[in-house]
Every structure is written in structure tokens, then in C-alpha cells.
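Secondary and tertiary structure notes
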Amino acid sequence: MATYKFVVFRLINRLVTLLFLAIVSFFLFEVIPQLLGFNVAFLFAGITQLSPKQAQAQLLLVDTIAKAYGLYDPLPLRIYHFLFNMFTFNFGYSPTFKEPVLKVVSQYLPNSLILSGVSLITTSVLSIVFGVYAAKSFINSKRKIGDKTVSIFSIGTYFLPVIWIGPILYFVLADQARIFPINLAFALNCGGVCHPTGLEYYLRYLWAATLPIIVLTILGFGHRQQLLRNNIIEEYNSSSYAIYARARGIPSRQIFYKHAFRNALLPWVTQVGLDVAFLIYGLFFVEVIFQFPGIGYASVLAATTLDIPFLISTTFLFGLYTLLVLFVLDFVYAMLDPRIRLGE
Amino acid sequence: MSSLSFVKSVLRRRDAIVGLAIILFFALIALLAPLIAPFSNAYNPKAYFVASPDSPPAWARIFPPYSSLPPNIVLPPTPSYQLFKVPSAIQYWQVLDPVNSPVIKYSQSGPVGVLPPISGAFVSYDPTSGSELVNLTGDSTTPVPLYLYHEFGYNYQPPDYFYAQLLVKPITVQGASLAIFLFVQNEKGVYPVALFADSGAQTYLESLPNLGSGYLNYFATNTQSTLNKGAWNFISAITTASAYMPLVYLNKSVNPLLVSQTLFSEKGEYKVGELILVIPHGKYSIALQQTDFKFQIFGKIYGLLGTDANGADVWSEFVTGTRLALGIGFGASAITMAIGVLLGLVAGFFGGFVDSALIFLFDFLLLLPGLILLIDLDTIFTITHAVPNKALLITLLLGFLGFAGVSRIVRSQVLSLKTRTYVQAAQVMGASNFYIVRSHILKHTAGTIIALVTYIVPGLVIADAGLDFLGIGIINTPTWGNMLNNLLNQATASNGYLWWISLSVGLSIIALSVGFYLFGTAIQEEFSRFS
């Protein structure tokens, strides 16, 4: 019963946040520019400045667009329409991509999902492997060289800016050594000379996705690795059940895996969830650097070309995604940890 | 706990000293930027071509592949000689007259402020200064060549670009025709790189037995190369427009695309300068006003940090970028801390509905994708021109979007402090809220707040660099993000991937983060030991 209440409460909370985000973006994109004396219909139409020859036609287009988006309606009606459109995924037409926004998103999103999905797996595996290795080295080894090496590398990755290490890896591995293709399009058509199909297509795709995934992995695994390492060491050395198990004469290997590692995994799962929710940040830069046409790449393109319908929809979709992940995370928590479920 | 002993105990730690030293190093660069950066905006075309594009730094000569790259060579070396402003200018020139000795007189009689306005990427002259007069008189029927030249030794790899300019105004030309060459001379011969001639001299040159057809071609193609009497003639040669050089028409062995590489292929003595060719018909008298001669070989190594793809000074870009980065970092963190601490205190101290509402706000800002919100706000305020300065806009946006994390930490600190006995005692004794916040709560959260600043500043610096990198931040201004972004288009294997740009910016970002991290951690640890 308590679980049910908790989940419903969180669901309402997340929904209200999403609604608030939609209202904020409505005011941001449609009201604030008007208050500042700027006609947003121009942006919806994709016109940044009037050309003297076609001014008449352009103004007519702006007028049509304004009517189509209901920009002349009274404010409450506009808010209602805006929210209705957002929650029914009716995002309008993108002037940059010359296609409905939803279609553009559905074209670009899979690439991002592959990058983020694969890198999530690689970072998780790496963080567990090296987290356990470092913790073991800390506990068992006298000079702790293994732990020190891994930890220095992991903590070092905190300070590596993606906008620096990304281009460098690109120059060295893709441009100079030619181990990886210079971008996805080139990998898929070999500069216009090949048209791979079937298995070869997917292999070539993977080939192009490898370098972005490597960068996301290097920059993403350190934090979770350190978290796991610290938790294992703490659980192993000072948790009451580990001490008790040791007193009972249970082998230390068993204590390590059955008690310390298992309990240390819980905060690690939290971190994985948060990383999933906020994965987007790294994607933006990696996709731009490696010209990987994902949703971050498209969003930056839209922002530089002032494509307002696209930005409105990605804001909403990113918000929806994050809140959805966080909601699932709440649910997973409640399943994993009875203390949360019972509201303690 | 006295704050002095706290500071002392922090400064006793080696990590704090190292961190502080790094921070101060960059702060010093930022503060002194107007003094140490030769160009306030190196992305402005006026700052282009201080040396060849993609030149590595001068100290890179210690590496073998760069050891014989030429530096910038400018002749005459001093501006007063370039501007022809002193009598010694004519003595600085070496005068060679193989035929007969004309009388050359230098008189400081030229008018001031009469130079025509000339625009061009490499032009360097001073239109406000006057000119000097050179008189030539003699009696001859054979052509009189007069060489004014500079000598220099060149012991480097061939340069990619050179540039020569001269302004002359023939005042009186009596009994003769006049042609003026700019030339480069090496051991193999004399190479004319620019030529202006009046109609008499043109006829004479075109009638020469060997080279006449070449001159005919040259004057037919370059119709602007007519020497005008009584007016200023701007004679210039640049290797980016080497197809207009007379040597291309006269000397078929020179590839027009590789003029500077051919002319400076040998190490040795070179002469560059002006050849005044007088074609007299008996007694002649010539008066020339002359100013602003400049010859430059664009070096392939330059300065502290080399040049970018436009030949602009990277050191200037780096310094102005550092100034902007730290300005935005500290400015935005000041806003973040002010709002964050205030709202955190309010939420934690008052509780109830205020707390719930503020928590909703904090969560809203924390949970939603901040980057895309930042991009949205940036786009909207940029197109509506709400904030005149892009750097200011970014500072405000980063400041106002980033406070939620601070608020949450301060709030939780306040919540735990509120239950302490001394706070409750103060409340019971009737102390005002303001008093409690000031003398109990703020005092005990001070360490956290200072440590937070040191974590927030590098985060904001990187956020700003990231925005610029994506092309939605500050544009047309050198910033760390823009410098790294330009690499994506400009770095190739042939320019060494512009390592002098990527290393200087990348290592600076890392060093700054590490410096703040070391300093912040030291403060936090010492503070927890204190309280």
C-alpha cells in the first residue's frame, strides 16, 4: 500500500514538473520575445530577415504561420493550445530541416540512443571491473599500486574537458591514423563510392560509432568507478555485517563479494540512473565533434539557425525523457530499498 | 576560531599553495590582458597576418622539424626608416649606381597629411605623416638605374609569403622618363616583384630586345601600373597575388604559385629594395617624394603561441580568452552564490510553504536538462537583442541557471544547524532571525560556501567554453571555446593539428580545474577540522 502511495505521489510530482517546464518554455519562446517587441512568427516561418524583393510574400507567409500556430489568439487559449500540442506530440514544422519536427526527431534520435546505450553499457562494465579491481588492490595489496594507478586515471578523467580530448582523439585516431572513419556519412558511403547493405552496413555503422563511444566511455566511467571503489572499501572495512561475518570466520573473498560488493552496488545503481537521465550533456559535444547526426547535433544546428519549433520540442522531449528516467528510478529504488518505500 | 588562523592553516598545506598558485597565474593573465595582448581581438581581420598562417611558436625551434623555419623579417627594421621620416633613412638605404653618379639630395620638405587612404591586409603606413624629397640630377642619354636596397642574410627554409610596398610621388620629371621597380635579388639574379612606369618608360621597356615582349604583356595585363606624375603611387607586391608580379612575365622559370619558395630557395645574402630607372634624353632633373617602404617575409614561427589559420597571434587570443573565461566564471559564480546562498538560507530557515515552493524551483532547475534550457534562453535573448553584450548574457544565464545546486547544499546545512542547541538557545533567548542567520548559521556554513565557489568557478568556465564550442555562445571573439572549435575546421595533418592552440587551451582548462579543486578541497578539509 505504501509503495503504491509513494509511486503515485512521485508520478504527480514529475508530471507537475513537466507541465511547469512546458509553461516555462511557452513563455520563453512565445511571450518573452513578444514582450521585447519581436514577432516570433518570423522564427516559426524560418525567416531571419526580410529580403526586399520577396517582402510581400514573406509577410504573407508569416501571417499564415501566425494564424496556423494561433499566435493571434488570447493568451489563455494559446497556453492551452501549446500544452495540448506538447502533450500530443504535435510539434509543428521545422524551418531548418524542412520537415515536421517529430519526423526529424525520429530520424536523429536512434543515432543518439545507440551512442548513449552502448556507452552506458561500456561505462558500467568498466566501472564495475575497475572498481572491484581497485577495491581489491586497496584491501589486499600492501603498496596498493593497482588501486593508485586506476584511481589516478579515474580521477584524472574528471578534469578532462570533452571539447579538448574529443578533437584530439578525432585528429589522432580518425584523421591521422585512419583507424576510424572521419564521420558517419563517410563510413556509410565511403565518400560516395560504396553502398553497403545488410551486415556490412551495420558493421560500418559500428565502426563510425566506436570513437564517440570511446570518448563517452573514458569521460563517463571514472565517477562511478570511484563511487563503487569507495563504497566497497567502506562496506568491507567498517560495516557491522562485514565485521560480524569476519568474526564468524567467513572467508574474506566471500565477505567481499556477498556483503561488501552487493551493498556497495546500491549507490552505484543510483548513479547509473542519474547518468542515464543526464546522458544528454556529453552527447551534445561528442556528436558535434564527431559529426555524428544524433539529436544533440540536430539541436545545435537548430539553435544556430534559430529553429524555434525544433528547440521547443527538444526542450519538452528532453524534459520528458529525464523525468521518465527519474520516475523509473524512483520505482526501482522503491523495489530495491524498503526504507524508501516505507517513507523513512 | 579566528579567520586569520584559518587562512594560515590553509596556506600551510602544499596542495592549497599549488592550487592557489595556478589560480593566481591565470588571474594575473586575465587582469593584465590589455597590457600583454598585442591585439585586443585577434579574430578581427585587422589582426590577421602578423606572420604566416599556422605558424608554430618561436620556441618550437628546439624541435628538429621546426629548427630552420624563418622568423618574421621586416625591412627596414625601424618604423622611422619605413616612413622615410629621418634624413638617415636615405643613408640607411644602400645606393648603387653602376653607370654614372647622379646627385641625390634628401630634403625634409614634403607636405604632411597628404597620403591617400589605402586599404589592404598587409599595408602598413602612416597617412598622417609627411614625406621626404629625393632629388636626382645629371646629364646622360643612356638609362640611369639607381638601386636603393637593403641587404640581409637568409638562412632558413623558404617562406610562404612575402610582401613589399612603397609610396612614391614624382613631383618633377624633366628631360626623362621614369620607371620604379621593387625587386628581390639573390645570387642567381634580380627579380622584379612590382613595377610602375610612365608612358615613356613603358615604351622604352617594351622595345628592349630580349625582355620587350614580356614587358608588353605585363603592361597590357596590369593597366594600373602606370606611374602618375604629381600623384601618390602605391606600389606593392604580395605573393598571394603573385600572378601580377612582373617577374612572372619576364622570367619563365619562376612558377607563379611558388614565387617566394623559388626566390628564397637558397640560403645566403639577399637584397631587397627599389630600383629607380631614369631614361633621360640629355640633361634631366627628377624630384621624388617618397615614403613608407616596407618589405616583410612572413615568418613561419611566431611569438609565444604561434599563429592560427588566419595568421593572427594566438597568444593574444589566449590572453583575451583567459580574461573572458575567468570574467564569466567569477561573474556568473558571484550571481550563483548570491542567489543560491540567499534562497538556500530562506528555504532552510523558514521551512513550510516557502521551503516547499523553493524546493520545487530547485528541483526544476536541477532535474531538467540545463544545457538545452541554456541553449533556449541563449537563442531567445540573442535574437531579441535583450542584452547588448553576448558575454554579459552568458554570464547572466549561467549565473541564474546554476544556483539550485548551491541552494540545496546550503539548505541542508541550515536544516542541520537549526537543530543545534546553541541555535535553539539563541531562539529561546529572543534573538532575531537575522542575528541567528548572521552569527550562527552563516558563520558555520562559510567554509562550505567558500569551497563551493572553488568548485563552481571552473564548472562555469567549462560551461562557457562548451557553449562557445558549440557555436551558440560568444561569437567573433577569441575565447577558449571558440579557439577549440576553430580547430575542428582548421587543424590538419599538414599544420601539425595546430598543437600550439589545442595544447595551450586544453591544458589551461585542465590546470584551472585542478587548481580550483586542490584549493577548494584544502579549504573544506581545514574548515571541517576547525569546526
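Residues numbered from 1 in each chain as written. Chains lettered and ligands numbered in written order. Predicted model: local features only at pLDDT ≥ 70, side-chain atom pairs only at ≥ 80, totals over all residues.

**Some points on the UniProt feature "transmembrane region" (unreviewed entry) in chain A**
All names here are of chain A. UniProt annotation of "transmembrane region" (unreviewed entry) refers to residues 12–29, 113–135, 155–173, 205–222, 265–290 and 310–336 when read in the numbering used here. Annotated as residues 155–173, this span is 84% helix and 0% strand, and its ends, taken at the C-alpha atoms, are 24 Å apart. Here residues 310–336 runs as 100% helix and 0% strand, with 38 Å between its end C-alpha atoms. (UniProt positions renumbered as here; feature names shortened; annotations may be inferred. Helix = DSSP H or I, 4+ residues; strand = E, 2+ residues; numbered from the N terminus.)

**Focus on the packing of helix H10 (residues 314–350) of chain B against helix H13 (residues 390–401) of chain B**
Residue and element names in this part refer to chain B. For the pair H10 and H13, the least separation of the axes is 8 Å and the interaxial angle reads 40°. Regarding the angle of H10 to H13, the classification is oblique. In the packing of H10 onto H13, the handedness of the crossing is right-handed. Residue-level inspection shows Leu324, Ile328, Gly331, Ala332, Ile335 and Thr336 of H10 in contact with H13, the latter providing Ala391, Ile394, Thr395, Leu396, Leu398, Gly399 and Phe400. A class-by-class count of the residues in the contact of H10 with H13 yields nine nonpolar, four polar and no charged. (Axes fitted to C-alpha atoms, helices over the stretch in contact; angles between N-to-C directions. Parallel < 35°, antiparallel > 145°, perpendicular 65-115°, else oblique. Left-handed = near helix turned anticlockwise from the far one by under 90°. Contact = placed C-beta atoms within 7 Å. Nonpolar A, V, L, I, M, F, W, Y, C, P; charged D, E, K, R; others polar.)

**Some points on the confidence of the model for chain B**
All names here are of chain B. Chain-level statistics for chain B give a pLDDT mean of 85 and a share of 89% at 70 or above. The element-level mean pLDDT for chain B is lowest in strand S3 (residues 103–107), coming to 58, with helix H2 (residues 14–31) highest at 95. Complex prediction metrics read pTM 0.87 and ipTM 0.89. (pLDDT = per-residue confidence, 0-100.)

**Remarks on the pairing of strand S7 (residues 189–197) of chain B**
All names here are of chain B. Within S7, seven of the nine residues are buried, which leaves the element mostly enclosed by the surrounding structure. Two elements, strand S6 (residues 161–186) and S7, share eight bridges in a ladder whose sense is antiparallel. Each bridged residue has a counterpart across the sheet, and for Val184 the counterpart in S7 is Tyr191. Between the antiparallel neighbours S6 and S7 lie two residues. (Buried ≥ 20, exposed ≤ 12 C-beta atoms within 10 Å, placed from the backbone. Pairing = 2+ DSSP bridges.)

**Remarks on the UniProt feature "domain: ABC transmembrane type-1" (unreviewed entry) in chain A**
Residues given the UniProt feature "domain: ABC transmembrane type-1" (unreviewed entry) here are residues 109–333 of chain A. End-to-end, the C-alpha atoms of residues 109–333 of chain A are 28 Å apart, and along that stretch the chain is 84% helix and 0% strand.

**Some thoughts on helix H14 (residues 403–418) of chain B**
All names here are of chain B. Taking 1.5 Å of rise per residue, the 16 residues of H14 would be expected to cover 22 Å, and the 22 Å separating its terminal C-alpha atoms lies within 8% of that figure. What H14 keeps buried is the set Phe403, Ala404, Val406, Ser407, Arg408, Val410, Arg411, Val414 and Leu417. Looking at the buried side of H14, the elements it contacts are H10, helix H11 (352–367), H13, helix H15 (421–428) and helix H16 (433–470). (Expected span 1.5 Å × (residues − 1).)

**Digging into the domain arrangement of chain A**
Domains assigned within chain A are domain 1 (2–95) and domain 2 (101–304). Its C-alpha centre places domain 1 of chain A at a distance of 36 Å from the equivalent point of domain 2 of chain A. (Domains from an automatic or database assignment.)

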